[in-house]
Amino acid sequence: MRLRIAALISTALLLVTLAPAAAQAGTYVFEEAEFVSPTSIAFETAAPPTGEATQQILDGAESVQSLIETSSGDYTGVEVTDTGLAVTLPDGLDIQARAAEADAVTTAQIRFRHGDRSRAQMYDVKNQIEDMIDAGLHRGTLRGVGADPSRGVAIVYLSELDSVALRTELKTRFGSAVVFREMPEMKTLTEERSRDSAPHYAGAGVRLWNDPHTGERGRCSTSFAVALSGSRYQLTAGHCLPGGTNYPDLWAATFTSATKPAAEYYFGTKHTTTFGGELGAPTQGSAHKYGDWALINGSTYSPRVYNCPVGTGYCSSLPVGGASYGTPAVGTQVCTSGLTTGQTCRQFVTDPDWHGVVQGVVLSHITVVQHATTSGYWDCQGVRPGDSGGAVYQGMGNGSVRAMGIISFGDGCISGYTRLSGVRAWNNGVSVVTAG
């Protein structure tokens, strides 16, 4: 028997009242953007969220972000706030024309800021640091590199110890185009709702088995159903199903016997994965190109996601109404759904596009998020071991959710998910299955 019930989305979590309409077109107020001193090598802390954004603002961010990604030399970036959007434009261009262009794609209120560099110039710096990571330079000190398009800076993540010389070197080389954040060594979240029956939902728990199929080797979670060439698959994390896995069958986490349960609790088997090696001993695979994800097939998969808190018994769910295949704006709010922490909302994007190393494997197409209290302070109530492969999404304001990605790593305080752009980079024919 299926232990879940369908429910409408909680407006208290993912939807608040609409903001006022945008100002009259043609009147654009600019403010000065604040940037880190080019001589500072100190670690910064991500700015806490200003509050909940309305659905109008979130939808506007999607539209403006799409515009920016197609004109990366003419814009810097966009940031989500509780009052509207903050769009940064590089000096030296016809910024009034660019402001009018951005204003035309959304009804959300926008304030404009002057920036030091364009999105393309910021990514030139980020790509140079990515090359250092991919070459294995400063391994153990240089954790990764991301981007803050709202300021036009690359965010370099380093260990606290023994990183002063490297920070000095990078600041000398790139100046105000880089800022620094401390990051501990990240671990994937393979470990411990747990009795999901077919058709399977996102946010369910699955049990993994060792190669001889004699004992458990961990638990992970599931993400969204996707379609490719007329067939349907389900997403999970690539590190849950490395390429060297000799017993790649999965079933509902509550079943502890090595004997397969009834067919309705069988999730399927590995179809493809971006990780090589074995669980606990991963190798590079293609995660540096496509991020951390795998596809499973062999069962049936539904366009719904569990949205209940962690626990056993009945669990509510929401339909998947759309998907985002791009890069989110700084400040975007997302929820996650996984075996260990259930639905966890109030997670905010602090780095839209991180590239770095997790357990010796280089990952790309990663977005970094942190969890905030209702008072606006960062805390450590994010994803935990067992949530790997779970769903990342946001409300769409109509009782459904927008698929955003797949949970990859974290330590509760800071976490990362693979964007759907990584799956699309592998094959642009892949699409998230939607309800209705």
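Quick caveat: nothing in here was measured; it's all calculated off a predicted structure. (Residues numbered from 1 in each chain as written. Predicted model: local features only at pLDDT ≥ 70, side-chain atom pairs only at ≥ 80, totals over all residues. Heavy atoms only, no water.)

Engineer: How would you summarise the sheet that holds strand 18 (residues 294-297) if you had to cite specific residues and measurements?
Structural biologist: Hydrogen bonding along the main chain pairs the strands of a sheet, whether they run parallel or antiparallel. Strand order in the open sheet formed by eight strands is 11-10-14-15-18-13-12-27, with antiparallel pairing between adjacent strands. Strands with a single pairing partner mark the edges of an open sheet, and in this sheet they are strand 11 (216-221) and strand 27 (431-432). Taken together, the five bridges between strand 10 (residues 205-209) and strand 11 define a ladder with antiparallel strand orientation. Bridge pairing in strand 11 links valine 206 to cysteine 220. (Pairing = 2+ DSSP bridges. Helix = DSSP H or I, 4+ residues; strand = E, 2+ residues; numbered from the N terminus.)

Engineer: I'd like a rundown of the layout of surface pockets, residues and numbers included.
Structural biologist: Where empty space is left in the structure can be found by rolling a water-sized probe over the atoms. The computed volume of the second largest pocket comes to approximately 270 Å³. Along its surface, the second largest pocket is lined by 17 residues, and Thr45, Ala46, Glu182, Gln370 and Ile414 are the ones closest to its centre. Secondary-structure elements contributing two or more residues to the lining of the second largest pocket are strand 8 (178-182) and strand 23 (361-371). Split by residue class, the lining of the second largest pocket holds nine nonpolar, three polar and five charged. (1 Å grid on protein atoms, 1.4 Å probe; cavity = no way out; pocket = protein on both sides within 12 Å on 5 of 7 lines; lining within 4 Å. Points joined across faces, edges and corners; volume = space filled by probe spheres on them. Nonpolar A, V, L, I, M, F, W, Y, C, P; charged D, E, K, R; others polar.)

Engineer: Quick rundown of the nonpolar core? Include the residues and the values.
Structural biologist: Phe224, Val226, Leu235, Trp293, Val305, Tyr393 and Val432 are the most contacted members of the largest nonpolar core, which totals 23 residues. When residues of this core are traced back to their parent elements, those giving at least two are strand 12 (225-228), strand 13 (231-236), strand 20 (316-323), strand 24 (391-395), strand 25 (401-410) and helix 7 (420-426). Considering every element that reaches this core, the biggest residue donor is strand 25, with three residues. Sequence-distant contacts of valine 432, defined by excluding residues within four places in its chain, comprise Phe224, Ala225, Val226, Val320, Ala323, Tyr325, Ala403 and Leu420. Counting residues in each nonpolar core, the second largest holds 21 residues, with Leu67, Leu85, Ala108 and Ala329 among its members. (Core = buried A, V, L, I, M, F, W, Y, C linked by side-chain atoms within 4.5 Å. Buried < 20%, exposed > 50% of the residue type's maximum accessible area, 1.4 Å probe, protein only. Contact = heavy atoms within 4.5 Å.)

Engineer: Requested: an account of the state of the cysteines, with residues and values cited.
Structural biologist: This model, assessed by the stated rule, comprises four disulfides. Disulfide pairing places cysteine 335 opposite cysteine 345 at an S-S distance of 2.0 Å. With the S-S bond torsion at 110°, the cross-link from cysteine 335 to cysteine 345 turns out right-handed. One end of the pair, cysteine 335, is in strand 21 (residues 333-338); the other, cysteine 345, is in strand 22 (residues 342-358), and ten residues separate them in sequence. Considered together, cysteine 335 and cysteine 345 belong to a single accessibility category, that of buried residues. Sequential numbering of the bridged cysteines in the chain gives the disulfide pattern 1-2, 3-4, 5-6, 7-8. (Disulfide = S-S within 2.5 Å.)

Engineer: Break down the side chain of serine 400 for me, with residues and values.
Structural biologist: Residue placement: serine 400 occurs in the loop between strand 24 and strand 25. Of the residues examined, serine 400 reaches a relative accessible area of 7% and is grouped as buried. Of the polar contacts made by the side chain of serine 400, one reaches the side chain of asparagine 398; its length is 2.6 Å. (Polar contact = N/O pair within 3.5 Å; in protein donor to acceptor, adjacent residues only side chain to side chain.)

Engineer: I'd like a description of the environment of alanine 46, backed by residues and values.
Structural biologist: In this fold, alanine 46 is placed in the loop between strand 2 (30-32) and helix 2 (55-70). Judged by relative accessible area, which is 6%, alanine 46 ranks as buried. Residues alanine 46 and arginine 181, 135 residues apart in the sequence, show an inter-C-alpha distance of 8.1 Å. Residues contacting alanine 46, with those up to four places away along its chain left out, are Arg181, Thr350, Gln370 and Trp378.

Engineer: Go over the side chain of serine 421, please, and point to the residues and values.
Structural biologist: Positionally, serine 421 belongs in helix 7. Residue serine 421 is classed as buried on the basis of its relative accessible area, which comes to 12%. Among the polar contacts made by the side chain of serine 421, one reaches the side chain of histidine 365 at a distance of 2.9 Å. Serine 421 has contacts with Tyr325 and His365, leaving out every residue within four places of it along the chain.

Engineer: Describe the packing of aromatic side chains, listing the residues and the values that go with them.
Structural biologist: Enumeration according to the criterion identifies seven aromatic pairs in this entry. Ring geometry for tyrosine 201 against tyrosine 306: centres 5.2 Å apart, planes inclined by 45°, an arrangement best described as tilted. Here tyrosine 306 lies in strand 19 (residues 301-306) and tyrosine 201 lies in strand 9 (residues 200-202), a separation of 105 residues in the sequence. With respect to burial, tyrosine 201 and tyrosine 306 carry one shared label: buried. Consider the rings of tryptophan 354 and phenylalanine 409, whose centres lie 5.3 Å apart with planes at 50°: the pair is tilted. Of this pair, tryptophan 354 sits in strand 22 while phenylalanine 409 sits in strand 25, and the two are 55 residues apart along the sequence. (Phe/Tyr/Trp six-rings, centres within 6.5 Å; stacked < 30°, edge-to-face > 60°.)

Engineer: Go over the confidence of the model for the chain, please, and point to the residues and values.
Structural biologist: With 91% of its residues at a pLDDT of at least 70, the chain reaches an overall mean of 89. Here residues 1-25 is modelled with pLDDT under 50, and outside its nearest four sequence neighbours on either side it reaches 64 contacts, counting other chains as well. (pLDDT = per-residue confidence, 0-100.)

Engineer: A description of the pattern of salt bridges should follow, citing residues and the corresponding values.
Structural biologist: The tally for this structure, following the rule as stated, stands at 13 salt bridges. Among the salt bridges present, the one from glutamate 101 reaches arginine 98, with a minimum N-O distance of 3.2 Å. Taken as a pair, glutamate 101 and arginine 98 lie in helix 3 (residues 95-103) at a separation of three residues, close to a single helical turn. Look at glutamate 101 and you get partly exposed, because its relative accessible area is 30%. Aspartate 353 serves as the salt-bridge partner of lysine 126, at 3.7 Å between the closest nitrogen and oxygen. Each of the two residues, lysine 126 as well as aspartate 353, counts as buried. (Salt bridge = Lys/Arg side-chain N within 4 Å of Asp/Glu carboxyl O.)

Engineer: Break down the pairing of strand 22 for me, citing the residues and quoting the values.
Structural biologist: With 17 of 17 residues buried, strand 22 is to be regarded as a mostly interior element. As judged from the two bridges shared by strand 6 (residues 142-148) and strand 22, these two strands associate in the antiparallel manner. If you follow glycine 144 over to strand 22, its bridge partner there is glycine 356. Bridge analysis of strand 21 against strand 22 gives five bridges, and the strand direction is antiparallel. The partner of serine 337 across the bridge, within strand 22, is glutamine 343. Counted along the chain from strand 21 to the antiparallel partner strand 22, the turn is three residues long. Two elements, strand 22 and strand 23, share eight bridges in a ladder whose sense is antiparallel. Counterpart to glutamine 347 in the pairing with strand 23 is histidine 371.

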